[in-house]
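Inside the fold
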Amino acid sequence: MRVGSGLVQSIMDMLTEEYRAHIDRLLAEHDRDEAMHLAVGGSWDAIAAVEEGLLRLAGLSDGSSLVDVGCGSGRLASRLHGRIDITYLGTDVCEPLLEYAREQAPSFTFQATEGLTIPAADASVDVVCFFSVLTHLPHEAGYLYLIEANRVLRPGGVAVVSFLELTLERHWPVFQGTVDSLAVARHHNQFTHREDLAVLAQRAGYEVERVASGIEHVIPIDGTYVRDDGEVLESPARLGQSWMLMRKPV
């Protein structure tokens, strides 16, 4: 789905350019592995384990098909690869990230995309996940992405979306950091209210099934993991960002 030539498309082009510049800076300032881990926010093993737990909570299992929108450098893909028998497609707008992701999960499929597109057929996918994707897009673009995900989902399929909430104290430093760096070209952080996201989901054709804040320890994981900041994650764990499960009606 191409947004068009108007304001939203101009914003998308700017955000994509800033995102790619951000990745270039990371690669210039760090060795490749560190840069690729920082590109997705660090805590490589810990967050991947929680994301897998959330996807399994959403119904991902052997035989499922998954589209990982904004897969980045393959943190989630590297976790799932060899652990679960699924059909996986990862998409991103930054080729250096995709190159690294392919190395982490060589039997999975990765594809560069432009605009708000998911390169899959209608009603062909069981789960679509947007981890740290709508958190960087204007609401209009996020809404169009949800419509696109609805297109590729089978009836009964699930979209998993993470988001940032201004009402959550742990998310405020992210907002303040964005405000403090307005004069610097950087990756944009977009906040939303869960009520607003629920409206967008319903308008895009979903039934909202579950919502949890980033501080709720409700996600089952398979062991003990340590985030880069030293926080120990055990089951049930929290994601950090808030999240919503939305289902395409049968």
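Bear in mind that the values here come from a model prediction, so they are computed numbers and not experimental data.

Considering the side chain of Gln241
Position of Gln241 relative to the elements: it lies in the loop between strand S8 (232–233) and strand S9 (242–247). At 2.9 Å, the side chain of Gln241 forms a polar contact with the side chain of Ser132. Among the polar contacts listed, one links the side chain of Gln241 to the side chain of Ser162, at a separation of 2.5 Å. Non-local contacts of Gln241, meaning those with residues more than four positions away in its chain, are made with Ser132, Thr135, Ser162, Phe163, Leu164, His171 and Gly214.

Considering the packing of helix H6 (residues 139–152) against helix H8 (residues 194–203)
Two measures define how a pair of helices packs: the angle their axes make with one another and the distance between the axes. Look at H6 against H8: their axes get within 9 Å of each other, and the N-to-C directions meet at 40°. The angle between the axes of H6 and H8 places the two elements in the oblique class. Crossing handedness for the pair H6 and H8: right-handed. When H6 is examined against H8, the residues His139, Tyr143 and Leu146 are found in contact with a partner set consisting of Leu197, Leu200, Ala201 and Arg203.

What to know about the pattern of salt bridges
Here the idea is simple: oppositely charged side chains can pair when their charged atoms come close. Per the stated rule, a full pass over the model turns up 17 salt bridges. Taking the shortest distance from any N to any O, the salt bridge between Arg83 and Glu52 comes out at 3.3 Å. Placement of the pair is Arg83 in the loop between helix H4 (75–80) and strand S2 (87–92) and Glu52 in helix H3 (residues 44–57), with a sequence separation of 31 residues. The partner of Asp229 in a salt bridge is Arg227, with the nearest N and O atoms 3.8 Å apart. Here Asp229 falls in the exposed class, since its relative accessible area comes to 55%. Connected through shared salt-bridge partners, Glu52, Arg56, Arg79, Arg83 and Asp222 make up one network.

Concerning unusual backbone geometry
Look at the link from Ser235 to Pro236: it is a cis peptide, with omega at -5°. Even without being a glycine, Ala123 presents a positive backbone phi close to 50°.

Topic: the sheet that holds strand S1 (residues 65–69)
Across the sheet, seven strands lie side by side as S3-S2-S1-S4-S5-S9-S6; this open sheet has mixed pairing. Each edge of the open sheet is held by one strand with a lone partner, namely strand S3 (109–112) and strand S6 (207–212). Across the sheet, the mean angle from the axis of one strand to that of its neighbour is 15°, orientation sign disregarded. Strand contacts of H3: S1, strand S4 (125–130), strand S5 (153–163), S6 and S9, with the helix running at about 30° to S9, the strand carrying the most contacts.

Digging into the environment of Tyr225
For Tyr225, the location among the structural elements is in strand S7 (residues 225–226). In this structure, Tyr225 is in contact with Asp45, Ala46, Ala49, Arg79, Glu231, Val232 and Leu233, ignoring residues within four places of it in sequence. Engagement of the side chain of Tyr225 in a polar contact is seen with the side chain of Arg79, the distance being 2.8 Å.

Regarding the packing of aromatic side chains
This model, assessed by the stated rule, comprises four aromatic pairs. Between Tyr88 and Phe108 the ring centres are 4.5 Å apart and the planes differ by 20°, which places this aromatic pair in the stacked class. On the criterion of sequence distance, the pair formed by Tyr88 in strand S2 and Phe108 in the loop between helix H5 (95–104) and S3 is long-range, its members being 20 residues apart. Of the two residues, Tyr88 and Phe108, both sit in the buried class. Connected via pairs of aromatic rings, a cluster forms that spans Tyr88, Phe108 and Phe110.

A few points about the pairing of S4
Of all the six residues making up S4, five are buried; the element is thus mostly covered by neighbouring parts of the structure. Of the pairings in the sheet, the one linking S1 to S4 comprises four bridges and is parallel in character. Within the sheet, the bridge partner assigned to Val69 lies in S4 and is Phe130. Inspection of the sheet shows S4 paired to S5 by five bridges, in the parallel sense. In the strand pairing of S5, Phe130 is matched with Val161. Taken together, S4, H6 and S5 constitute a β-α-β crossover, and its handedness is right-handed.

Section: the environment of Met14
Looking at the secondary structure, you find Met14 in helix H1 (residues 7–29). Taking relative accessible area as the criterion, Met14 reaches 42% and is therefore assigned partly exposed. With 174 residues separating them in the primary sequence, Met14 and His188 have C-alpha atoms 9.9 Å apart.

About the thresholds
Residues numbered from 1 in each chain as written. Predicted model: local features only at pLDDT ≥ 70, side-chain atom pairs only at ≥ 80, totals over all residues. Heavy atoms only, no water. Helix = DSSP H or I, 4+ residues; strand = E, 2+ residues; numbered from the N terminus. Polar contact = N/O pair within 3.5 Å; in protein donor to acceptor, adjacent residues only side chain to side chain. Contact = heavy atoms within 4.5 Å. Axes fitted to C-alpha atoms, helices over the stretch in contact; angles between N-to-C directions. Parallel < 35°, antiparallel > 145°, perpendicular 65-115°, else oblique. Left-handed = near helix turned anticlockwise from the far one by under 90°. Salt bridge = Lys/Arg side-chain N within 4 Å of Asp/Glu carboxyl O. Buried < 20%, exposed > 50% of the residue type's maximum accessible area, 1.4 Å probe, protein only. Pairing = 2+ DSSP bridges. Phe/Tyr/Trp six-rings, centres within 6.5 Å; stacked < 30°, edge-to-face > 60°. Right-handed = clockwise from strand over helix to strand, strands pointing away.

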